[in-house]
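# Report on the structure
Chain residues, written in single-letter form:
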Amino acid sequence: MEAEQPGTSSGSSVSVNIDNDLADEDFLLNDEAAEIARLQLPEENQQPQEKLDPQEEDERIAKIDFRCSACDMHELVHYFGRQPPFALGIKYREDTFVMRDPFQPPPSRWQSKPEFYVAMGANCSSCSKVVCKDAACSFYYTRTVCLPCGKAELKDWPVEAQARLRKQIAALDGDKDK
Ligand SMILES: [Zn+2]
Ligand SMILES: [Zn+2]
């Protein structure tokens, strides 16, 4: 494309004999470019709205406060309950704080693939404090317990659960020594 010459601007009503053809062509090209821009702009603006209606978009905003009572980890999560609608086929045995994968683009509406998601934590089934999934904060065996409750209740549990919690605590103590 030719560089724009001052004086051949299409807005000028004075016709310049020699440059007239060039000016016309220049004007045409500019007009065409403007036309394409006009056609493309609304389309680009509409696309995100077509993919996500306001309600769906709202679901993508994490609003539920999750704070682990043991390590103080704080996150906003998307869901608290047993069956997150975005994790198809998943049903937890207890109410669980679930976060959608923040790095995954929104799935297409017609796509029935489950999204990636992260179970962040749950309430301790004994004292109902919120705890995260970190080994230092909670233990899971058919239900979530915080570690203090776990240690207190340990003796009443099935042998397998006792062994697993003892192993978890031993691993944590090992980490501290390093
Ligand atoms: Zn924690
Ligand atoms: Zn507890």
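Residues numbered from 1 in each chain as written. Chains lettered and ligands numbered in written order. Predicted model: local features only at pLDDT ≥ 70, side-chain atom pairs only at ≥ 80, totals over all residues. Heavy atoms only, no water.

Turning to the environment of Leu147, a few remarks are in order. Mapped onto the secondary structure, Leu147 falls in helix 3 (residues 147–153). Accessibility expressed as a relative area gives 7% for Leu147, which makes it buried. As for Leu147 and Ala135, which are separated by twelve residues in sequence, their C-alpha atoms are 8.6 Å apart. (Helix = DSSP H or I, 4+ residues; strand = E, 2+ residues; numbered from the N terminus. Buried < 20%, exposed > 50% of the residue type's maximum accessible area, 1.4 Å probe, protein only.)

With that settled, consider the sheet that holds strand 3 (residues 79–81). Spatial strand order, 3-4-5-6: four strands in an open sheet with antiparallel pairing. The open sheet has two free edges, formed respectively by strand 3 and strand 6 (130–132), since each of these has just one partner strand. Neighbour to neighbour, the strand axes of the sheet diverge by 30° on average, direction disregarded. Bridging between strand 3 and strand 4 (residues 96–100) involves three bridges; their strand directions are antiparallel. By the bridge assignment, Phe80 is partnered in strand 4 with Phe97. (Pairing = 2+ DSSP bridges. Axes fitted to C-alpha atoms, helices over the stretch in contact; angles between N-to-C directions.)

Another point: the nonpolar core. Membership of the largest hydrophobic core comes to 22 residues, with the highest contact counts inside it found for Phe66, Trp157 and Leu165. Counting only elements with at least two residues in this core, the list comes to strand 4, strand 6, strand 8 (144–146), helix 3 and helix 4 (159–177). In terms of residue count, the dominant contributor to this core is helix 4 (four residues). Residues contacting Trp157, with those up to four places away along its chain left out, are Phe139, Arg143, Val145, Gly150, Gln162 and Leu165. (Core = buried A, V, L, I, M, F, W, Y, C linked by side-chain atoms within 4.5 Å. Contact = heavy atoms within 4.5 Å.)

The protein atoms that coordinate the zinc ion (ligand 2) are Cys124 (SG), Cys127 (SG), Cys146 (SG) and Cys149 (SG), at distances of 2.2 to 2.3 Å. Relative to the metal, the four donor atoms surrounding the zinc ion (ligand 2) lie at angles of 99 to 117°, and the coordination shape comes out tetrahedral. Relative accessible area serves as the criterion here: at 32%, Cys127 is assigned to the partly exposed category. (Donors = N, O, S within 2.8 Å, 3.2 Å for Na, K, Ca; no water. Tetrahedral: all angles 85-135°; square planar, octahedral: opposite > 155°, others 65-115°.)

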